[in-house]
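So the chains spell out like this:
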Amino acid sequence: MPARSAIHNSQFTILKLRLVRCALCILLSACVPSTRPTVKIGLVGPFEGRYREIGQEIIYAARLAVREANEAGGVAGYSIELVAFDDGGDAAQAEEQARKLATDPQVVGVVGNWLEPTTLAAAPVLAANNIPFLATTSSSDLDLSAFRLWPTDFALQAAVPEATFCSGHCDSLEDLDWLKSQIPAQPANDTRNPKSQIAGPPLWGLNQFPRLAGSAEEGVRVVAPAPLPADSADPAFADRYRAISQGVEPRFLAVLAYDATRLLLTAIQNDVESKETPTRDGVALALAQLTYNGLSGGFSFNAEQDWAEANGWVYRWQGGQLVRP
């Protein structure tokens, strides 16, 4: 009897050890994250130089969209990696950064470049490499293969039909003589504000505009491509943005950068669902067919690959802040 009891106890001990090992294996496998394949999207803009405030604003919005997607399990089984390049607001550098993106086969879409000269310089390079490009310019000279994520010149002017709109003269903030020339002399007892009949493109909505324009700034209207966060479809976006932005405040470019990133992620999702592996051609086709509701409203692209719903958001400068008219 003692011998049989000893054998029984030994077998029971072995069984317990096996159960512990099995449980430990299950626990360890649950702790190790599953490895997902990666797909990349590019963001190019002026992170240095005169227009660096654009880059500072858009980068956190794109990061937020990518972070939220990855934390939710990725996009159709893929982890998303954001690749951000600085073009310094320089057309030659924008062209070079586009070439760098083109050499990486994992890059299936790009958002950029937030200034007219740099966007127009990058577009042909990306087109030659079949990379879908969400281009942020109103210029009619944009490469036909790009997706215009910006109001056209016509749409910008149509947003303020009663105003004198500055278009061709105002593709930079380096020369605001046109604006100052439009402000007539006004009698001291005249309470009207003639500057409320002057409007300019999105570039006039940058934080540096009041400093550069001086007294000419007050009352001038700006047609922005997207709303300020408080006017967007999700005002809570601003709080999520501030949680990662290290003090940078979100404005209309942050809203559009977030929407642009989400558009690319949705196109990747749709492409993977149709053929399992995302490709540049597949993402471009998905963008062309996409209907999406974002912070800025509806998004779809017409036959010319212009943003069909882009009508512009009108604001005016008051006390150094953009406000609704």
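The structure presented is a predicted model; accordingly, all values stated were derived computationally and were not measured.

(A) Region of interest: the overall build of the chain. Scanning the chain from N- to C-terminus turns up ten helices and twelve strands. Counting the 325 residues in the chain, one finds 48% classified as buried. Partitioning the contacts of the chain with sequence separation of at least 6, the portion at a separation of at least 24 is 65%. As displayed, the chain has an accessible area near 15700 Å², and 52% of this comes from carbon and sulfur atoms.

(B) Representation of the packing of aromatic side chains within the structure. Per the stated rule, a full pass over the model turns up ten aromatic pairs. Ring centres of F209 and W317 lie 6.0 Å apart, and the angle between their planes is 25 degrees; on these two criteria the pair is classed as stacked. Highlighted residues: F209 in helix α7 (residues 209–213) and W317 in strand β11 (residues 313–318), separated in sequence by 108 residues. What makes F209 buried here is its relative accessible area of 0%. Judged by its relative accessible area of 1%, W317 falls in the buried class.

(C) Representation of the packing of helix α3 (residues 91–102) against helix α4 (residues 116–128) in the model. Look at α3 against α4: their axes get within 8 Å of each other, and the N-to-C directions meet at 30 degrees. The orientation of α3 with respect to α4, classified from their angle, is roughly parallel. Our pair here, α3 against α4, has a crossing hand that is right-handed. Together, A91, A94, E95, A98 and R99 of α3 and P117, T118, A121, A122, V125 and L126 of α4 make up the contact between the two elements. Taken together, the residues of the contact of α3 with α4 break down into eight nonpolar, one polar and two charged.

(D) Representation of the pairing of strand β1 (residues 38–45) in the model. β1 sits mainly inside the fold: seven of its eight residues count as buried. Between β1 and its parallel partner strand β2 (residues 79–86), the chain crosses via helix α2 (residues 52–71), and the hand of that crossover is right-handed. By the bridge criterion, three bridges tie β1 to strand β3 (residues 107–112) in an arrangement that is parallel. Within β3, the position partnered with K40 by the bridge is V107.

(E) Broad picture of the sheet that holds β11. Read across the sheet, five strands follow the order β6-β7-β8-β11-β12 without closing on themselves; strand pairing throughout is mixed. Edge positions in the sheet fall to β6 (164–165) and β12 (321–323), since each of these pairs with one other strand and no more. The sheet contact formed by strand β8 (residues 221–224) and β11 spans four bridges and is antiparallel. Looking across to β11, one finds that V222 is bridged to Y315.

(F) Highlighting the sheet that holds strand β4 (residues 133–135). With respect to topology, five strands assemble into an open sheet ordered β2-β1-β3-β4-β5, the strand pairing being parallel. For this open sheet the edge positions go to β2 and β5 (147–148), each flanked by a neighbour on one side alone.

(G) Region of interest: the nonpolar core. Of all hydrophobic cores here, the largest spans 74 residues; its most connected members are W114, L134 and W204. When near neighbours in sequence (up to four residues on either side) are disregarded, W114 contacts L43, V44, G45, P46, I54, I58, T119, T136, W150, L253, L256 and A257. Residues V44, A98, A122 and A123 belong to the second largest nonpolar core, which totals 16 residues.

(H) Seen up close, the state of the cysteines. A complete count under the given rule lists one disulfide for this structure. Note on cysteine connectivity: C166 is disulfide-linked to C170, with sulfurs 1.7 Å apart. Of note, the bridge from C166 to C170 carries an S-S torsion of about 90 degrees and is right-handed in sense. You can call C166 buried: its relative accessible area is 0%.

Thresholds applied
Residues numbered from 1 in each chain as written. Predicted model: local features only at pLDDT ≥ 70, side-chain atom pairs only at ≥ 80, totals over all residues. Heavy atoms only, no water. Helix = DSSP H or I, 4+ residues; strand = E, 2+ residues; numbered from the N terminus. Buried < 20%, exposed > 50% of the residue type's maximum accessible area, 1.4 Å probe, protein only. Contact = heavy atoms within 4.5 Å. Areas by Shrake-Rupley, 256 points an atom, 1.4 Å probe, with all protein chains shown as cover. Phe/Tyr/Trp six-rings, centres within 6.5 Å; stacked < 30°, edge-to-face > 60°. Axes fitted to C-alpha atoms, helices over the stretch in contact; angles between N-to-C directions. Parallel < 35°, antiparallel > 145°, perpendicular 65-115°, else oblique. Left-handed = near helix turned anticlockwise from the far one by under 90°. Nonpolar A, V, L, I, M, F, W, Y, C, P; charged D, E, K, R; others polar. Right-handed = clockwise from strand over helix to strand, strands pointing away. Pairing = 2+ DSSP bridges. Core = buried A, V, L, I, M, F, W, Y, C linked by side-chain atoms within 4.5 Å. Disulfide = S-S within 2.5 Å.

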